[in-house]
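Next come the chains, spelled out residue by residue.
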Amino acid sequence: MGKTLNELRADLLQDPGVREEYDRLAPEFEVARAIIGARQAAGLTQAEMAQRMGTPQSYIARLEAGKTMPNLRTIFRVGKATGTRPELVFRRTDAVEP
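Residues numbered from 1 in each chain as written. Predicted model: local features only at pLDDT ≥ 70, side-chain atom pairs only at ≥ 80, totals over all residues. Heavy atoms only, no water.

Caption draft 1: Main features of the nonpolar core. The biggest cluster of nonpolar side chains holds 10 residues, and these are I35, L44, M49, A50, M53, Y59, I60, L63, V78 and A81. The set of elements that each furnish at least two residues to this core consists of helix 3 (46–53), helix 4 (57–64) and helix 5 (72–82). The residues contacting I35, other than those within four sequence positions of it, are M49, L63, E64, P70 and V78. (Core = buried A, V, L, I, M, F, W, Y, C linked by side-chain atoms within 4.5 Å. Buried < 20%, exposed > 50% of the residue type's maximum accessible area, 1.4 Å probe, protein only. Helix = DSSP H or I, 4+ residues; strand = E, 2+ residues; numbered from the N terminus. Contact = heavy atoms within 4.5 Å.)

Caption draft 2: Structural context of helix 3. For helix 3, the full list of buried residues reads M49, A50 and M53. Along helix 3, the residues classed as buried sweep out an arc of 100° about the axis, all on the same side. Exposed side of helix 3, more than 90 degrees from the buried face: Q51 and R52 are the residues found there. Phi turns positive one or two residues past the end of helix 3, at G54, with a value near 70°. (Arc of directions from axis to C-beta.)

Caption draft 3: Just the packing of helix 3 against helix 5, in detail. Interaxial distance between helix 3 and helix 5 falls to 9 Å at its minimum, and their mutual angle equals 110°. Comparing the axis directions of helix 3 and helix 5 gives the class roughly perpendicular. For the crossing formed where helix 3 meets helix 5, the hand is right-handed. Each of M49, R52 and M53 in helix 3 lies in contact with helix 5, whose residues at this interface are T74, R77, V78, A81 and T82. Here the contact of helix 3 with helix 5 is built from residues that sort into 4 nonpolar, 2 polar and 2 charged. (Axes fitted to C-alpha atoms, helices over the stretch in contact; angles between N-to-C directions. Parallel < 35°, antiparallel > 145°, perpendicular 65-115°, else oblique. Left-handed = near helix turned anticlockwise from the far one by under 90°. Nonpolar A, V, L, I, M, F, W, Y, C, P; charged D, E, K, R; others polar.)

Shown next as structure tokens:
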């Protein structure tokens, strides 16, 4: 029997190069998870959300895959389509870059 996805991820993240790239992409995936969560909570398919936003379903798929970083206008359109209101919060992290 093979490894679970969590076990495989833990193994891969032991590599410093993989860990660095994973951390670099974390914000994109946080946005993607938020969009997926809003869509699912609204009970919408990707196609239904795309129709409400006036955009192709493939664009929603790219947003949810973390392949496209939405601008603020798109974030608000997602909110309107899902009956939600996005919130912007800045939280302190351990590392502060110059």
